[in-house]
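Notes for the structure review
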Amino acid sequence: MGQQLFFVGSYAAKEQEGISAMVLHTEDGKITRLSGQAGIFNPSFLRSNEAGTRLYVVSETGAEPGSVYSFVIHADNGELKAINEWTTKGGSPCHVEIDATGKLLIVTNYSGGNLCLYGIENEDGSLVPADFAAHEGGGPRNDRQEVPHPHSAIIDPANRYALIADLGTDQIVHYAIDHDARKLDRQHATALPAGAGPRHMAFHPNGQVLYVINELDSTVAVFSYEAEKSQLTLKQVISTLPEGYGEETTCADIHVTADGRFLYASNRGHDSIAVYRIAAEGKLELVEITSSGGMTPRNFAISPDGRYLLAANQNTDNIVTFRIDGETGALRPTGHEIAMSKPVCIAFV
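Here is a short report on the structure shown in this document. Note that residues are indexed from 1 along each chain, following the sequence as it is written. The predicted origin of the model limits local features to residues at a pLDDT of at least 70 and limits the giving and counting of side-chain atom pairs to 80 or more, whereas totals for whole chains, interfaces and linings rest on all residues. Note: side-chain values were computed over all heavy atoms of the structure, leaving out hydrogens and water.

Turning our attention to the nonpolar core. Membership of the largest hydrophobic core comes to 26 residues, with the highest contact counts inside it found for Phe7, Leu46, Leu55 and Leu105. Residue contacts are defined here by distance: any two heavy atoms, one from each residue, within 4.5 Å place the two residues in contact. If we ignore the near neighbours within four places in the chain, the residues touching Leu55 are Phe7, Leu46, Arg47, Ser48, Tyr69, Ser70, Phe71, Ile73 and Leu80. The term nonpolar core refers to a set of buried residues drawn from Ala, Val, Leu, Ile, Met, Phe, Trp, Tyr and Cys, joined through side-chain atoms within 4.5 Å. Buried, partly exposed and exposed residues are distinguished by accessible area as a fraction of the type maximum, computed with a 1.4 Å probe on protein chains only: under 20%, between the cut-offs, and over 50%, respectively.

Below is the structure:
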């Protein structure tokens, strides 16, 4: 009987247990809770290191500068031991990315319009401030794009460049990483369609295709990726919604299966997961759009064995398990879910 440890972040008051350690039972998709951690206001995004020994968490504070925390993971019971904490120098930190060496970490600050680079000390996993970068500009939507809104970072497969999705400026901003100096050197920016609002990104396992989910116009943009100079070329834009759907909705999260055959994208408002088959040149073909089993799937995750997708439904306080059809990529509810207040991020260890 297999078990897979994962952590869930949420919107929570500081005195509430905003981080939960849970186990996915891989024989049937059942979820059980192990423990909880209080002490952080709105621990809305979290990520573990590759070894599964450390957890890094942001406190999404709104307009005031947020914080990023590092923890030791006790894998037997999911309990966390605090290591250290630093300011993110910007409001609403909303995403954490760790480089392939496990020595660098990037936090993007949504309302701060900037990002912070930290060094990770390998002796204990503690964080050390290293670099800072601010964005400028805006987009056509005065309600959401009046200023820059960096929403996530992704590091390319060669571990040479950091790409930042800026929802406010409709851009992917490219930074060269100086690993020795722990610095980010801005190179150029790739424009997306006006008003798209890029949010999260995922590379195809072959490293030659980047997928970007656009929050504001509910699309996925498909780019070919040239690694030497971190150049993106737009190949396709595809909707995440049923044809003719006209109600208010926004996109949130995106993931590709480890075998590179399927891609998943979430809709908040339509409250669904769009399933795509990855075809020639990385282009997408819609398989189905299925209910997330709740409301507002802000985040979801694919289990390390590729058999399950877990959807965190923020506004119905539940996490729902789906089995992934290995032939078609379609999602089938397992009948298992677990209650949790305002779950907004799932991170497998």
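The helix count covers DSSP runs of H or I at least four residues long, the strand count covers runs of E at least two residues long, and both are numbered beginning at the N terminus. Of note, Ser291 is situated in strand S23 (residues 284-291). With a relative accessible area of 46%, Ser291 lands in the partly exposed category. Between the alpha carbons of Ser291 and Glu27 there is a distance of 23 Å; along the sequence they are 264 residues apart. Pairs of N or O atoms within 3.5 Å make up the polar contacts considered here, provided that, within protein, one atom can donate a hydrogen while the other can accept it, and that residues adjacent in sequence are counted only when both atoms are side-chain atoms. A polar atom in the side chain of Ser291 sits 3.1 Å from the backbone nitrogen of Gly293.

Should a side-chain nitrogen of Lys or Arg be within 4 Å of a carboxyl oxygen of Asp or Glu, the pair is scored as a salt bridge. Counted by the stated rule, this structure contains 12 salt bridges. One salt bridge connects Asp143 with Arg141, and the closest N-O pair in it is separated by 2.8 Å. A salt bridge links Arg277 to Glu285; its shortest N-O distance comes to 3.5 Å. Judged by its relative accessible area of 39%, Glu285 falls in the partly exposed class. Salt bridges here are not isolated pairs; linked through shared partners, they connect Arg144, Arg199, Glu215 and Arg268.

Attention shifts here to the packing of aromatic side chains. When we look at a pair of aromatic rings, we describe it by the centre distance and by the angle of the planes. Between 30 and 60 degrees the pair is tilted, below 30 it is stacked and above 60 it is edge-to-face, where a pair is any two Phe, Tyr or Trp rings, Trp via its six-membered ring, whose centres lie within 6.5 Å. What the rule picks out here adds up to 3 aromatic pairs. Here the aromatic rings of Phe6 and Phe348 are separated by 5.2 Å at their centres, their planes lie at 50°, and the arrangement is tilted. With Phe6 in strand S1 (residues 3-10) and Phe348 in strand S28 (residues 343-348), the pair connects residues that are 342 residues apart, well separated along the chain. Ring geometry for Phe203 against Tyr225: centres 5.1 Å apart, planes inclined by 75°, an arrangement best described as edge-to-face. Here Phe203, found in strand S16 (residues 198-203), pairs with Tyr225, found in strand S18 (residues 219-226); they are 22 residues apart in sequence, far enough to count as distant. There is no split in this pair, since Phe203 and Tyr225 are both buried.

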